[in-house]
Amino acid sequence: MSAGAAEGGTDDPPSPEGVATVDELAARLCDLRAWAGSPSFTRLAKGVGAVRAARGAPPEERPGRVTVYECFRPGRRRIDVELLVDIVAALGVDQVGRDAWRRAHRAVSRPTASPAAPASPSVPPEVSAALDSLRRGGSHRVANLICPAGTGRSAMLASLPVDAVRVDLAADDEDVLLAALDDTPGLVIVDNVDSPAALATVGAALDRHGQVRAIVASTRPLSGSLASLTPEIAAVVIPPPHTHAPAELPPDISEFTGRDRELTELADALGSPGTARAVAVRIICGMGGSGKTALAVHVAHLLAPRYPAGQLFADLTNATAAEVLAQFLVGLGVDRSVVPDGLNERTAMYRSRTAGRRVLVVLDNATSEEVVRWLVPGAASCGVLVTSRSRLSTLSGATRLDLGQLPGTDAVALLRTIAAVNPGDWDGESARAVVGLCDRLPLAIRIAGARIARRQGVPLTRFASRLADEKARLDILSTPDLGVRACFDVTYADLGAHARHTFLCFGLVTTDTVASWVLRVATGLSQQETELALDELTEAQLFTTTGTDLTGEPRYRMHDLVRLYATERARADLGEDQRRSAPRRVFESWLALAAAADRRLPYRTLPRAEHVSATAPPSSELVTDPLAWFTSERDQLRAVVLQASGSGLPELAWRIADACAGFYETRDLYDDWRETHLACLDACEPAGVGAFTMARNLAHLYSLPVVRGETMTAYAMRALEIARAAGLTDGVAQAQVLLAVAAIARAAFDEAFELVTSARDHAEPGSPVDLAGLGVLGVLHRLRGEDDVAAEHFARVLERVTGRGHNGYELVAMRTLAIIWRAGKRYAEATAILNEGVALTRRLGVRASELLMLIELGEVSALAGRTTADDELAAANSLAEAMSSEIGAALTWRAMSTLDIARGDLGSARDRLTRSLAVQHRHGLPHVEAHTLRALGTVQAKLRDPVAAARSWRQARDIYSVLGNAHEVEALDHDLDALAPDGP
């Protein structure tokens, strides 16, 4: 653990030799920890545990972090010797060094012979400065030392290192004073000038002896009684010697939970006062309710022994610097009557009183840097701990600790502690739900725990259910004297007008994060005004930055409870017109950008509609890279579609959803596709263009990555019905092509042929209907065994798509041509077009098509006997895992079985086909399942397992029979007839 050892240095560890007290031993131990690289106390505790474990100590003898930490703080009466030696060992000291630490412990543990002699009175720096000025003949000839009597003033005056005539008015009369002034050409020291009569006497005497220089000690200012002498008097306020240390910290929180990292960081930063060149200032900043005060008070109590001169505490809410300084000075022992009036004078006295002393200052709820600056001591021996909802960014010399949400396990532990639920009634899952709904905010968790505690025996799941209601959540998380809403009210009240408006507009949009352009559009503010408002909101911890997105735009988010508060305030503070217009402006802008990005996408299969927005895009530069913009806005687009579809704006909703369809297909975001389109389909007019578009897009979705015929047919039929009712001729043709694809999946080839022929009757060459129809016809001809005719159709697809952008019809044509050539053993041609397809899909980013290309390429290579098959199928498997695609993985396993068969590993082929079959069955892919069952039966027959082979083929035959595929039924009947009891 030694830094010197780790760096190969030769520095020896600090030696404990010569220490005389336990405090000196603890200080030397701090030096040793610094020598070892200042490991955290958590890490050091683990090191001690390892030392003890190495010698066979049971786990219960391994100390905790706090136990180890206590050995390093001053003020202890004793330190356990065995723990001390084990800490030294954990810090990298050898056996010889450990023996020295044991001897040092023995030395400081001996009883002392006699108490230490009292210290001689010290001369405050203010008195030394005044005395020096008098000696040099400065502008003042009288130094008025103002300090209450009976607090060591006389002893201090007696110890002044100066030749002077001394007069004590407590014992001497006016004649003695006058004689001293008459006979002394130098300095006169007059003590106990405390009564009004004494003040008058001294003032008159000094007035008559205009050349005499004097030090006058009094309880009241001399200038207050004799205005004529005021210009010649230097008033020096001397606080009395402090006989006790202030202990102003509020009570620690007994149920304080978690924050181990933050505690260690603060303890390391503030735990060694006086070792740095400047006072250590640490700011705990975080949103309201994040537990800043609780953390500050807890760590201050832990550090209190390191600050034996005292701990000062002030709540800066609505407090001025002057008020707090007066409180601190009184706490430091200054009589309230001699606290100066001026802010500068109070600060000077405060810094003088804390100079050279270890005082910890805790400033809670700071709202401005200006107040904090006056309250920072000047001495490096002090430490300052500040809490603030703001980062106090302009406070120089301070370091900041951003306090976020509690970690999940700590949040649950805090809830359990506060709620005090009987162990038998504790429901971990519901507890996790509660703390999640509390945003893992300590204040909210404490209130929730208190409510649960008052209702012992009521299931936690019931409370979680109540808390899940967003409209009631802030009410539940409030009590008469404490509440999340009230906490946020304080921060909101301090915001400027633009920041408030921006905050409210964010509350009107249900997205988790937003780019800055969204808030600019919602508020109608200029870019500069928006940026300043965002800076203010971020400084106030109401917004947090999540970095910049792929387009370079900064993004912002609100915690869930803050968002609920913003929504609530928006409903209360904004008029109805504002509440409607702001979201609509944002939705219009999202539509304008989504449509512009969609037009720039290099890949889209579905027909691209012309979506015209009433609002111009905020900046066309945002969609320069359309995929980057769509990726950055993905979650927001989904949320916007759902919000618009549910708030009376269905046309905006479906148009945004349709503009995203190309992106969804490119990035195989099938869940987003399904969720947005279903919401819009429910919201749209039943017989309108929007409903048709959503139904058509959903039908296409269920053809990816493989056809799911039943669901695809349902949506395609709905699209067809809407198109016919609305008179959408091209829409009818689009729906017919989709129905034809679904018909092929269930082997209804004649039906598919009729549908696609009808669809192409009015299609223009190169149109989506034309390309899709050619592809469907190509598939039909291939299934009929007319491979040459099928190849011609796919070649025409590739020819007509040129120059029109890339789409799914092109990729299907490339892959199906490869399948045709593979069947004809034209492996070189198949490999060439598949490699071209892989390169194209990677360039376009269409992962689902890339996966299918790689699978087919691996099968071709396996059949051709090429060694590249392993790498190609491994790449396909990795891609399926990256896509989290069970269907993709199942198709990959089926292709891998081809490679196993080519190598003669029939057992592995059987296992892969069995795994693939289970996935296909679970996802409801009967035509794919039948194909896999037939392949599995073939492998089982080769393994001489006719019973299993017959079972697989009969299952395949049953599926083909239901699908109406008579050709496959006939082929399987032939295979079953030829299957001998002992194998083919």
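Quick notes on the rules
- Residues numbered from 1 in each chain as written.
- Predicted model: local features only at pLDDT ≥ 70, side-chain atom pairs only at ≥ 80, totals over all residues.
- Heavy atoms only, no water.
- Helix = DSSP H or I, 4+ residues; strand = E, 2+ residues; numbered from the N terminus.
- Contact = heavy atoms within 4.5 Å.
- Salt bridge = Lys/Arg side-chain N within 4 Å of Asp/Glu carboxyl O.
- 1 Å grid on protein atoms, 1.4 Å probe; cavity = no way out; pocket = protein on both sides within 12 Å on 5 of 7 lines; lining within 4 Å.
- Points joined across faces, edges and corners; volume = space filled by probe spheres on them.
- Nonpolar A, V, L, I, M, F, W, Y, C, P; charged D, E, K, R; others polar.
- Domains from an automatic or database assignment.
- Axes fitted to C-alpha atoms, helices over the stretch in contact; angles between N-to-C directions.
- Parallel < 35°, antiparallel > 145°, perpendicular 65-115°, else oblique.
- Phe/Tyr/Trp six-rings, centres within 6.5 Å; stacked < 30°, edge-to-face > 60°.
- Buried < 20%, exposed > 50% of the residue type's maximum accessible area, 1.4 Å probe, protein only.
- Lys NZ or Arg CZ within 6 Å of the ring centre and 35° of its normal.
- Patch = residues over 30% accessible without salt bridge, like charges linked within 9 Å, V, L, I, M, F, W, Y side chains within 5 Å.
- Areas by Shrake-Rupley, 256 points an atom, 1.4 Å probe, with all protein chains shown as cover.
- Lys, Arg positive; Asp, Glu negative; His and termini not counted.
- Charge placed at Lys NZ, Arg CZ, Asp CG, Glu CD.
- Core = buried A, V, L, I, M, F, W, Y, C linked by side-chain atoms within 4.5 Å.

Chemist: Would you mind going over the environment of A453 with me for this structure?
Modeler: Of note, A453 is situated in helix α18 (residues 442-453). Taking the C-alpha atoms as reference points, A453 and Q736, separated by 283 residues in sequence, lie 63 Å from one another. Not counting residues up to four positions away in its chain, the partners in contact with A453 are I418 and A419.

Chemist: Looking at this model, I keep getting lost on the environment of R462. Mind explaining?
Modeler: Tracing the backbone through its elements, the reader meets R462 in helix α19 (residues 460-467). Sequence separation between R462 and V359 is 103 residues; the distance between their C-alpha atoms is 49 Å.

Chemist: I tried to follow the pattern of salt bridges on my own but got confused; where do I start?
Modeler: Charged atoms that come close allow side chains of opposite charge to pair. By the definition in use, this model includes 44 salt bridges. We note a salt bridge from E588 to R584, for which the minimum N-O separation is 3.8 Å. Taken together, the residues E588 and R584, both in helix α26 (residues 576-600) and 4 residues apart, mark about one turn of the helix. The residue R957 makes a salt bridge to D973 at a minimum N-O spacing of 2.4 Å. Residue R957 is found in helix α43 (residues 946-963), and its partner D973 is found in helix α44 (residues 966-978); the two are separated by 16 residues along the sequence.

Chemist: Explain the layout of surface pockets here, please?
Modeler: Rolled over the atoms, a probe as big as a water molecule pinpoints where empty space is left. Its boundaries defined by the atoms lining it, the second largest pocket holds a volume of some 1100 Å³. If you trace the second largest pocket, you find 39 residues lining it, with G288, K292, N365, R389 and C487 closest to the centre. Partitioned by chemical class, the residues of the lining of the second largest pocket number 17 nonpolar, 14 polar and 8 charged. Each of domain 3 (260-402) and domain 4 (408-485) contributes no fewer than three residues to the lining of the second largest pocket.

Chemist: Even after reading the chapter, I still don't get the packing of helix α16 (residues 408-419) against helix α17 (residues 428-437), so can you show me in this structure?
Modeler: When two helices pack together, their arrangement is given by the angle between the helix axes and the distance between those axes. Running from amino to carboxyl end, α16 crosses α17 at an angle of 105°, the nearest separation of the two axes being 9 Å. Overall, the two elements α16 and α17 adopt an arrangement that is roughly perpendicular. Counting all contacts with α16, which are made through A411, V412 and L415, the residues of α17 involved are A431, R432, V434 and V435. Per-class residue counts for the contact of α16 with α17 are 6 nonpolar, no polar and 1 charged.

Chemist: I would appreciate a short explanation of the packing of aromatic side chains in the present structure.
Modeler: The geometry of an aromatic ring pair is captured by two quantities: the separation of the ring centres and the angle between the planes. Scanning all chains against the criterion turns up 13 aromatic pairs. Consider the rings of F506 and F543, whose centres lie 5.1 Å apart with planes at 85°: the pair is edge-to-face. Of the two residues, F506 is situated in helix α22 (residues 497-507) and F543 in the loop between α24 (527-539) and β14 (544-548); the sequence distance between them amounts to 37 residues. Accessibility assignment for this pair places F506 and F543 in one class, buried. Ring centres of F663 and Y664 lie 6.1 Å apart, and the angle between their planes is 45°; on these two criteria the pair is classed as tilted. Through a chain of ring-to-ring contacts, the aromatic side chains of F488, Y492, F503, F506, F543, Y556 and Y565 assemble into a single cluster. Between the NZ or CZ atom of R500 and the centre of the ring of Y492, over which it lies, the distance is 4.8 Å. Over the face of the ring belonging to F753 we find R784, whose NZ or CZ atom lies 5.5 Å from the ring centre.

Chemist: Could you clarify how one ought to interpret a positive patch on the surface in this entry?
Modeler: A surface patch of positive charge is lined by R454, R455, R462 and R466. Here R455 lies in the loop between α18 and α19. Classification of R455 as partly exposed rests on a relative accessible area of 36%.

Chemist: How should I be thinking about the nonpolar core in this particular structure?
Modeler: The nonpolar side chains of a soluble globular protein tend to be buried, and buried together. In this structure, F503, F543, W590 and W629 are the most contacted members of the largest nonpolar core, which totals 191 residues. In terms of residue count, helix α32 (residues 729-745) provides more of this core than any other element does, 11 residues in total. In terms of domain composition, this core takes at least three residues from each of domain 4 (408-485) and domain 5 (826-833 + 844-979). For W590, the contacting residues outside a window of four places in its chain are V509, T511, W517, V518, W629, E633, Q636, L637, V640 and I656. With 48 residues, the next largest nonpolar core counts L25, L84, F256 and A300 among its residues.

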